[in-house]
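Next come the chains, spelled out residue by residue.
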Amino acid sequence: MFVGVVSDTHDNAQYVDAAVNVFDGTVDAVVHCGDVVAPFSATPFDASFDFYAVRGNNDGEWALADAVDSFGTYLGEMGELTFDGVEFAVYHGTSEPIVDALVDSGRYDFVLRGHTHERVHEERDGTVHVNPGGVPIPDAPDDPAAVIVDTETGDVTFESLG
């Protein structure tokens with residue numbers, strides 16, 4: 001199974017559309033790690049894949065949860081997902097101690113997060129920590145990316161959205 005991961009799109013139609021184009025017809029599910037921001041930025045993800053999203057610190061419109069739930073699953077502050085027996089934790093990432101606790105817990109195969117707008121792909125004691133990055137901010141070294149996780153092989157592929 002292929003799982004798409006994106007984060008911190010911040011109402012930027014260019015990056016939302018680019019992510020949907022990467023994922024549509026390629027992945028089975030997409031996980032948005034927060035900071036979609038407004039409901040209109042969520043609706044393009046109503047596509048050929050299952051969609052899941054967590055709340056980011058800039059997701060100020062409460063109607064976002066209803067918009068996502070109309071075609072996908074809104075997980076709230078944090079979510080746990082299982083795809084093909086592979087365990088995922090999803091959290092926006094506003095607290096680094098919480099991110100570290102999720103990664104270090106040993107409970108998850110993957111911890112998906114956003115918030116920093118910086119790409120991360122690291123493994124710690126069997127848990128893979130992934131952040132696809134987000135819309136460009138000062139000092140962010142990479143363009144935002146769409147990430148594809150292959151649950152069978154564990155491979156993580158970054159596709160630039162810039």
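Residues numbered from 1 in each chain as written. Predicted model: local features only at pLDDT ≥ 70, side-chain atom pairs only at ≥ 80, totals over all residues. Heavy atoms only, no water.

**Q** Give a description of the overall build of the protein chain that names residues and reports values.
**A** The helix and strand inventory of the protein chain stands at 4 helices and 11 strands. Along the first, second and third principal axes, the C-alpha set of the protein chain runs to 40 × 35 × 30 Å. For the protein chain, buried positions account for 51% of its 162 residues. At a minimum sequence separation of 6, the contacts of the protein chain that also span at least 24 residues come to 49%. With the model as given, the accessible surface of the protein chain reaches about 6,900 Å², and the carbon-plus-sulfur share is 45%. Computed over 5 positive and 31 negative side-chain charges, the inter-centroid distance for the protein chain is 7 Å. (Helix = DSSP H or I, 4+ residues; strand = E, 2+ residues; numbered from the N terminus. Buried < 20%, exposed > 50% of the residue type's maximum accessible area, 1.4 Å probe, protein only. Contact = heavy atoms within 4.5 Å. Areas by Shrake-Rupley, 256 points an atom, 1.4 Å probe, with all protein chains shown as cover. Lys, Arg positive; Asp, Glu negative; His and termini not counted. Charge placed at Lys NZ, Arg CZ, Asp CG, Glu CD.)

**Q** How would you sum up the sheet that holds strand β7 (residues 110–112)? Please name residues and give values.
**A** As summarised here, the arrangement of the 5 strands in space is β5-β6-β7-β9-β8, forming an open sheet in which the pairing is mixed. A single partner strand is all that each edge strand has here, and the edge strands are β5 (78–83) and β8 (119–124). Neighbouring strand axes in the sheet, compared pairwise and without regard to direction, differ in orientation by 15 degrees on average. As paired strands, strand β6 (residues 86–91) and β7 are joined by 3 bridges and run parallel to one another. Counterpart to A89 in the pairing with β7 is V111. Across the face of the sheet, helix α4 (residues 96–104) comes into contact with β5, β6, β7, β8 and β9 (127–132) while running at roughly 175 degrees to β6. (Pairing = 2+ DSSP bridges. Axes fitted to C-alpha atoms, helices over the stretch in contact; angles between N-to-C directions.)

**Q** I'd like to hear about the nonpolar core, residue by residue, with values.
**A** In terms of nonpolar packing, the biggest core is built from 23 residues, with V6, F23, V30, F45, F49, F51 and V68 touching the most fellow members. Within the residue set of this core, elements represented by two or more residues are α1 (13–23), β3 (50–53), α3 (63–69) and β10 (145–150). For this core, the element with the most residues is α1, which contributes 5 residues. With sequence-adjacent residues up to four places away left out, F23 is seen in contact with G4, V5, V6, V30, F49, A146, V147 and I148. (Core = buried A, V, L, I, M, F, W, Y, C linked by side-chain atoms within 4.5 Å.)

**Q** An account of α4 is needed here, citing residue identities and associated values.
**A** When we look at burial in α4, the residues that qualify are V99, L102 and V103. What you see down the axis of α4 is that its buried residues fit within an arc of 95 degrees, all on one side. Packed against the buried residues of α4 are β5, β6, β7, β8 and β9. With its phi angle positive at about 75 degrees, G106 sits one or two positions after the end of α4. (Arc of directions from axis to C-beta.)

**Q** Account for the environment of T157, naming residues and giving values.
**A** Tracing the chain through its elements places T157 in strand β11 (residues 156–160). Along the sequence, T157 and P132 sit 25 residues apart, while their C-alpha atoms lie 9.8 Å from each other. When neighbours within four sequence positions are excluded, T157 is seen to be in contact with A146, V147 and I148.

**Q** I'd like a description of α1, backed by residues and values.
**A** Those residues of α1 not exposed but buried are Y15, V16, A19, V20 and F23. For α1, the angular spread of the buried residues around the axis is 135 degrees, confining them to a single face. Here the buried face of α1 lies against β1 (2–6), β2 (29–32), α2 (39–42) and β10. Capping of α1 at its N-terminal end is provided by N12; its side-chain oxygen lies 3.0 Å from the backbone amide nitrogen of Q14. Following α1 by one or two positions, G25 adopts a phi angle in the positive range, close to 80 degrees. (Polar contact = N/O pair within 3.5 Å; in protein donor to acceptor, adjacent residues only side chain to side chain.)

**Q** Tell me about the side chain of H32, and please be specific about residues and values.
**A** Considering the arrangement of structural elements, one finds H32 in strand β2. With sequence-adjacent residues up to four places away left out, H32 is seen in contact with V6, S7, D8, T9, F45, F51, Y52, A53 and V54.

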